[in-house]
Amino acid sequence: MVKVDVKGCCGFVDGAKYQEYVGKALQAFDTLVAGNGAGNDFLGWKHLPSETPESLVAECEAVRDCWNAKGVDLVVAIGIGGSYLGAKCAVEALSHNFAKQLARKDAPEVVFAGNNLSEEYLAELMDLCAERNVACIVISKSGTTTEPAVAFRIVKQYIEDTYGKKDAAERIVAITDAKKGALKTLSTQEGYKTFVVPDNVGGRFSVLTPVGMLPIVVGGFDMRAILAGALEAEKALAVKSEENPAIVYAAMRNLLYKEYGKKVEILVNYNPKFTYLAEWWKQLYGESEGKDGVGIFPASVNNTADLHSMGQFIQEGDRVMFETVVHVEKSTRSVVIGSDEQNLDQLNYLAGKHVEHCNHMAELGTVIAHEDGGVPQMQVSVEKVDAFNLGSLFYFFEFACGVSAYTLGVNPFNQPGVEAYKKNMFALLEKPGYEEATKAIKARL
Ligand code: PA5
């Protein structure tokens, strides 16, 4: 189970104040559990681990088996924000670091599109498709988001032109609202298999729904283990206690922000497989908490690489941040540093040591250095990088986000600020219905 350790914050905060914020977090916990807070029509994610039927995973596996029978070796997963980052995080965390170079063929490669509007990206995606046997998952809860819609139009046309309309309908699966949205209408008309994004689950809380599940399953990863890890976290975090890791995390981050001016939280990881865990976490916390003029800015670094870039700022720059270190207790692979007779590189003092030991010492040394430099340190730890622990992390960060946002006093489940750029983009693209906005924005150019 995920553990949270806040002793690296103790030198920065007053003990009585911490207890005050634990009290606030416990109240927020009650609100989240009772389901009587702001945005309470979006709490469906709370019981996904315990309530997801086995048949849903089996349905995803049936898609995987159908595509495997067709020889599909490339799945293009189209989506943005919460319709993308959970699956991307799982694929990155659970893949071999060099899966592409090794060209392992035990499962199709899952690539992502619809999360940008880069013309090069889409042109180069078409270059890749031309060399591969392609299927597509298109994901949009609203069914109207521009970035995935543009990518899907291009990929859909490619698949239809290449495989014919009938086969294309078997190579495309849509994940969207049960009833409404352009993607739902299109899928019904084209006869695509569809999965539903539950009404009461928002995008950034949807990794355990078909939104995350289908790309994970078709990519050959163990969704059942992810759900098992999430279930363990669901049970553990349901216990109301001052030691509940979600309470500890929510209390400390709100205390650091509100009482000590720590406006930036840096999620620190020491394993390249968790690079996209940080991206997923940034969306979860940024979109859930950054509103009404408040919120902790979520940032991330990937160490040890970033110790040679951002490390300088974190050690000595403006003291606005605290760090949350994702600690992985043990490596799943073993590499021991050998000894060398000549010792020209002067590394014999490490001979016989595991690389993971060096990584842990780099982490510990950094934690102490940053603490000395005035940066409070929290630690979120898991046993290892695998599907079970990833599931636990998904659920832990979601639940803690709900508790933390209620402690902060905002609705975790809306994102009204996202509309501002969309309105301007539609006006500039001269979308029908935006004529007045087009005139107004053009006058400003
Ligand atoms: O968390 C959210 O709600 C957002 O990030 C959405 O997931 C994102 O905007 C994509 O929306 P949709 O799935 O409707 O295309």
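Residues numbered from 1 in each chain as written. Predicted model: local features only at pLDDT ≥ 70, side-chain atom pairs only at ≥ 80, totals over all residues. Heavy atoms only, no water.

A. The arrangement of the site of the ligand in detail. As a matter of local geometry, the ligand sits amid 13 residues, with Ser83, Ser140, Ser142, Thr145 and Gln283 nearest to it. Here an oxygen atom of the ligand sits 3.0 Å away from a polar atom, N or O, in the main chain of Gly82. Within the complex, 87% of the 390 Å² of free accessible area of the ligand lies under protein. Comparing atom positions with the cavity grids shows the ligand to sit within the second largest pocket. Looking at the shell around the ligand, its residues break down into 1 nonpolar, 9 polar and 3 charged. (Near = heavy atom within 4 Å. Polar contact = N/O pair within 3.5 Å; in protein donor to acceptor, adjacent residues only side chain to side chain. Areas by Shrake-Rupley, 256 points an atom, 1.4 Å probe, with all protein chains shown as cover. 1 Å grid on protein atoms, 1.4 Å probe; cavity = no way out; pocket = protein on both sides within 12 Å on 5 of 7 lines; lining within 4 Å. Sits in = over half its atoms within 2 Å of the grid points. Nonpolar A, V, L, I, M, F, W, Y, C, P; charged D, E, K, R; others polar.)

B. Representation of unusual backbone geometry in the model. Geometrically, the link from Asn303 to Thr304 is a cis peptide bond, its omega value of 15° lying close to zero. Here Thr304 is to be found in the loop between β8 (297-302) and α14 (310-316). For Gln346, which is not a glycine, the phi torsion comes out positive at approximately 55°. One can find Gln346 in the loop between β9 (321-328) and α15 (355-372). (Helix = DSSP H or I, 4+ residues; strand = E, 2+ residues; numbered from the N terminus.)

C. A look at the pairing of strand β6 (residues 193-196). Two elements, strand β5 (residues 172-176) and β6, share 4 bridges in a ladder whose sense is parallel. Among the inter-strand pairings, Ile175 is bridged to a residue of β6, identified as Phe195. Regarding topology, helix α9 (residues 182-190) serves as the crossover connection from β5 to the parallel β6, and that connection is right-handed. (Pairing = 2+ DSSP bridges. Right-handed = clockwise from strand over helix to strand, strands pointing away.)

D. Highlighting the domain arrangement of the chain. According to the domain assignment, the chain contains domain 1 (3-38 + 230-416) and domain 2 (45-226). Between domain 1 and domain 2, the C-alpha centre-to-centre distance is 29 Å. Listed as interface residues are 34 residues of domain 1 and, on the opposing side, 27 residues of domain 2. Carbon and sulfur atoms make up 64% of the area that domain 1 and domain 2 hide from each other, which totals about 2600 Å². It is Lys273, Tyr276 and Glu398 that lose the most area in domain 1 upon contact with domain 2, and together they represent 26% of the buried surface on that side. For the pair domain 1 and domain 2, the number of links is 1 salt bridge. For Arg204, the salt bridge identified is with Glu287, shortest N-O distance 3.3 Å. Put simply, domain 1 and domain 2 have 13 residue pairs in polar contact (both at pLDDT 80 or more) between them. When contributions to the side of domain 1 that touches domain 2 are tallied by element, the ones reaching two or more residues are α1 (15-34), α11 (223-237), α13 (275-289) and α16 (387-408). Looking at which element gives the most residues to the side of domain 1 that touches domain 2, the answer is α16, with 9 residues. (Domains from an automatic or database assignment. Contact = heavy atoms within 4.5 Å. Buried area = accessible area lost by both parts, 1.4 Å probe. Salt bridge = Lys/Arg side-chain N within 4 Å of Asp/Glu carboxyl O.)

E. Broad picture of the environment of His96. Turning to its location among the elements, His96 is positioned in the loop between α4 (85-94) and α5 (99-102). The spacing of His96 and Glu131 is 35 residues in sequence and 22 Å in space, taken between C-alpha atoms. If near-sequence neighbours (up to four positions away) are discounted, His96 is found in contact with Leu102, Arg104, Lys273 and Arg333. One polar contact links the side chain of His96 to the main-chain amide nitrogen of Phe98, over a distance of 2.9 Å.

F. Spatial organisation of the side chain of Thr366. Tracing the backbone through its elements, the reader meets Thr366 in helix α15. Filtering out sequence-adjacent residues up to four positions away, Thr366 remains in contact with Tyr270 and Leu307.

G. Local environment of helix α10 (residues 210-218). Extensive coverage of α10 is indicated by the burial of 9 of its 9 residues. Burial in α10 covers these residues: Pro210, Val211, Gly212, Met213, Leu214, Pro215, Ile216, Val217 and Val218. Just past α10, the residue Gly220 takes up positive phi, approximately 85°. (Buried < 20%, exposed > 50% of the residue type's maximum accessible area, 1.4 Å probe, protein only.)

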